[in-house]
Every structure is written in C-alpha cells, then in structure tokens.
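Survey of secondary and tertiary structure
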Amino acid sequence: MDTNLINSLIDEKVFGVWFLIGAALVFWMQAGFAMVECGFARAKNAGNIIMKNLMDFCIGTVVFVAIGFGLFLGEDVLFGLVGMPNLDIFTNYASFDWSNFVFNLVFCATTATIVSGAMAERTRFLSYCVYSAVISAVIYPIEAHWTWGGGWLAQMGFHDFAGSNCIHMVGGISALIGAAILGPRIGKFVKDKAGKVTKVNAFPGHNIPMGALGVFILWLGWYGFNGAACTDMAQLGSVFVTTTIAPAIATVVCMIFTWVRYGKPDVSMCLNASLAGLVAITAPCDVTDALGATIIGAVSGVLVVFGVWFLDNVLRVDDPVGAVAVHMFNGIWGTIAVGLFATNTAPAYSIADAAGNEMVGLFYGGGFKLLGIQTVGMLATAAWTAVTITITFLVIKKIFGIRASEEEELTGLDVTEHGLASAYSGFSLMDVSGAVMEENENTDLGTPDYSEASEAQKNAAVKVEVAPEIDTGMHKVVIIAKLSRYDKLRKAMNDLGVTGMTVTQVMGCGIQKGAGEKYRGVEVDATLLPKIKVEVVVSKIPVDTVIEKAKEVLYTGHIGDGKIFVYNVGKVVKIRTGEENYAALQDVE
C-alpha cells in the first residue's frame, strides 16, 4: 500500500480525534468564564453567575439543535446570507455530521456567555435566559454562516480562523449594548444635582484567585479553541506558538503599563490582558508568525486598559468584568490584524480572494486588499449584531423587564432570584462596596507626627469617652485601632504592666485616608477596613497612663487612627478563686 496514503489516513483519524478533543477543551472554557465572572463580581451574586453560565450552554444546546445549526451550516440560501434550517439530527442521524455539530455548538455557547459578565449583578434571570436563547438560535448562527458556513464573506476571502470576529466581537458588542440598556449597578457612578457624573466607584471582585483560576482554564481551553480546526502538525504547532506568544506579551505589556499609569501593577487588569491577547490572536493565529503575534499581543495589552477606562469615563457603561474591553475591542483588533500581519510563510496558508488569488497582509507586502476585506467583514458583522441584539434587548425589556429591582440588587441575586442564602454557606462574607463615607467641613487630616501636634490636636485625634458613674478604681479600656498598629500597642501595654487583654479583629467604617489604591484604574473607597479591638481592665495601673500610652503609639494625625473608650467597672469576680474587684485583677493586669 502507498506510504503516503497510509500517512494520510492516519492523519485523518488522528486529527479527527483531536477535533473532538478540541471541542471538549472549548466546552471546558465555560468553567473558565464562570470563574472569571464570579471572581470579579461580588459574593452575593456568585450563585446567580454560576447559574447563568450553566444555562448559556444548556439553553444554547436546545435552540442550536432546533434551529441554530441549520441556520449556520445548512444549505446556503438567500445569496449566502443564511443556511437552510433543518432537523437532520433527528431525521437523518445515521449520516449526520456529529463531530461538526458538537464543535460548533460549543463555540456558539461561548458567544452567549461573554455577555453575562458585562450584565452581571443586576439582570433578571428570566430575561437573561431569553437573551441567551435568541443569540444562540438566530444572531450567532446567521453571522457565523457568512464566514464559516460558505456564506458571502467566505466567498470574498474574509478570514477569521477561530472567532475574533464571529464570536468575540459579536459577544462584546452584545455585552456593550446589553449593559448600556440595563444601566450601571447602584453606586457605580456618583452624580451631582444636575445629573453629571462626578466620580466612578470601584467595586473590587470578591475572589481574585477564583478569577485567576478562570483565566488559566480559559488559556488552556484556547489551545483547543484555536487549534481544533488544524489539519496537520505544522499548522497545529504554529497555532500553538502564536496562541502562547500573544497573551503572554499582552500580559507583560499591561503589567508595565498599569504599573506606570497607576503606580502599581493591576492584578485584575493583567488577568483581562491575558484574555485580550487570546481574543486578538484568535482570527490570525493560523496565518501570522511570531513577530506578528508579538505585535498583536502588545497592542492588546494596552487596548484592554484603554477599553476599561473608556467605558467607565466616556461611555459611562458599567462592565463588572471587562467583557467589552476584552472581547469587543480586541475582537475588532484581531480581525483587522489579519489584514496587517497575514504571511504566507505560515504553514497551510490558505487566504485567497474570490478569484483564487492569494492575499497576504499589508505589512508583508500584500497591500490594502486583504485589510479592506477584513474591514468590510468586521463592519457587516458588527452592524448585524448591533441591530439584532438591540431589538432583542428592547423587546425583552418591554415584555419581561430586564433589570432587577433596587431591593433585589442590593440584597443580591442569589437569594432573590434563586432562594440561595449564600453561595458560600459556612463562610462569613460582608459586601461593603458602594457604602462611601464622604469628607465634610469637620474633617481634619491632622499632623503626621505626635511630638509636633498641638495639645488640641492630640486631644482631638483620639476621642475618649468616660462614663459619668462613681469611680470604683477599676476601669475597662476599649481601644479600636488600625490592625497594623496592634503589635506596637501590645508591647506598649505590656511595658506598662498590663499582662492580660482581650483582642478581637473587627471592621471599621469611616473616611480613613490611604494611598489612593486603584482597582482597574478606579480609586477604591476604603469604607469598611480591618481594625483591632483591644480590651483591658486595670485597677493598680492608672487609667490615664494607659490612655496616654495608647495615644502615643497609635497616633498618626490621620483619619482612622482609632478611638479609646473608658468605662467604670462596677464589679469583677474571678471564677476560679471567687476573689472580687481589686484582688481579682492582680494576676491578669
């Protein structure tokens, strides 16, 4: 038998199996999306987010079976605009293309789930389910047919190997329009009396490690996302290389950029940057080289930061997870990048126009032809998506309502939508975002050094409240201070002869001034901060000495130094010996 034929048959079988393994990796990306969105949102909505991501795939499967697959890969009709709907999966199962169905189903589900993050924490669950069904049944299958189903864009020579345009840009545009129609979360934008936004508030994600786990899951899945359609080892190897380089470069560039711009490298933004680089390389992954992937990734690392800033400060659209910055901005960039960086030195290069003439990118000597085709394809897909998703959301809003009530949003969608008291049963979690304490005319930032402060400042720095009862000679001193000052306070009390104290870690609410820390480029309001509560009871040691020593070690002159409360103690009984009052305190002071 011909050796080439044997090798060809082996390759066919091997890559047929790899095709399905790739599909499984893309399905696993649903877990990644769920973890990223959940980690970047607040704990009170974690269960709702998991439910939405689960239903994206399950509802998507139902409608894709019924109508989506036919519109996508059915017989080409209406001049390449749409496929013919069919039910071959039921009527002709023996000869049905099972692998192709599963592969395209998982891609369809990815498009739907992108929107979940941008609309997180304030969307009615029923309305979201309706949206998910519409995008999986109609919106995605029709535009995907244009590129991957033999439609009019494919006939022009438009190239989107794995979905920067058909999946990520479509999902990103849908996310932008959905979030805009929905409106921001309560407290995200502070407005003056004239309705002008004066401040953007940061709502830090409740579990960044979970978000990071999601990014790693997505990155792993992306090797299947980009590589599953490869048909030989050289092409697969090249795709793996570009799929690795672009996100890595994007993340490094983002780290440096945020470090310079915000003073510290932003963790959540760098996680977004990894995804942005993956999104941008998705369309050109098979036709670019290492240099092209490097440039594509570098642009993505800056573009994702710009996208987050642009939504917050220009469009005033609230996107909790950065879905628009990651998927829409970089989906557009990746689609255009094909027209710039496509090179026929890439293995299995196959971009050609309608006449069969090979086309390469602008920066590789191909002129503007491919760039023009990519731009037309991107704009056509964007227009289709914008019109259909706007109609979808407006109809849903009219029929079902799209936004949760104020009470539901503040309480959390876990309990109001699903009857789930907490997604973290057994853990103590407190959501404090948006509860901002503002400065006023009475706010005094004080003098930073205790020795330089005036007597009035020293007296004002720590408020002392003394009970008016008859002095028994025994006093309970309660000190609430910064957690970072505990060790100094403990040593100071010990030096005075205090040998027993009760220590509790608590949360304090106020206007403590910090270093202007930023989350995703937005300054974080420190509302509830970790504090330490120290309680001592003294009799032999003068209470004024305890107060002065505590003030000395705790004082910084800034809001948040803490407070000292002094109470008379009417009676003390030592349980072990029955000793009372002064005698009961002698071995614990």
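Residues numbered from 1 in each chain as written. Predicted model: local features only at pLDDT ≥ 70, side-chain atom pairs only at ≥ 80, totals over all residues. Heavy atoms only, no water.

**Topic: the packing of helix 2 (residues 46–73) against helix 4 (residues 98–118)**
The angle between the axes and the distance between the axes are what describe a pair of packed helices. Two elements in contact, helix 2 and helix 4, have axes whose closest approach is 8 Å; the angle formed by their N-to-C orientations is 130 degrees. Classed by the angle they form, the pair helix 2 and helix 4 counts as oblique. In this structure, the crossing between helix 2 and helix 4 has a hand that is right-handed. Contact with helix 2, carried on its side by K52, N53, D56, F57, G60, T61, F64, V65, F69, F72 and L73, involves N100, F101, N104, L105, V106, C108, A109, A112, T113 and S116 of helix 4 and no other residues of that element. Tallied by class, the residues present in the contact of helix 2 with helix 4 amount to twelve nonpolar, seven polar and two charged. (Axes fitted to C-alpha atoms, helices over the stretch in contact; angles between N-to-C directions. Helix = DSSP H or I, 4+ residues; strand = E, 2+ residues; numbered from the N terminus. Parallel < 35°, antiparallel > 145°, perpendicular 65-115°, else oblique. Left-handed = near helix turned anticlockwise from the far one by under 90°. Contact = heavy atoms within 4.5 Å. Nonpolar A, V, L, I, M, F, W, Y, C, P; charged D, E, K, R; others polar.)

**What about the side chain of T288?**
Along the chain, T288 turns up in the loop between helix 10 (267–282) and helix 11 (290–315). A polar contact of 3.3 Å, which involves the side chain of T288, links it to the backbone oxygen of F341. Ignoring any residue separated from it by four or fewer positions in sequence, one finds T288 in contact with S238, T242, I281, A293, F341, T343 and A346. (Polar contact = N/O pair within 3.5 Å; in protein donor to acceptor, adjacent residues only side chain to side chain.)

**As for unusual backbone geometry**
With a phi close to 60 degrees, R316 is a non-glycine residue in the positive phi region. Tracing the backbone through its elements, the reader meets R316 in the loop between helix 11 and helix 12 (323–341). The phi torsion at A348 lies on the positive side, around 55 degrees, for a residue other than glycine. With a relative accessible area of 37%, A348 lands in the partly exposed category. (Buried < 20%, exposed > 50% of the residue type's maximum accessible area, 1.4 Å probe, protein only.)

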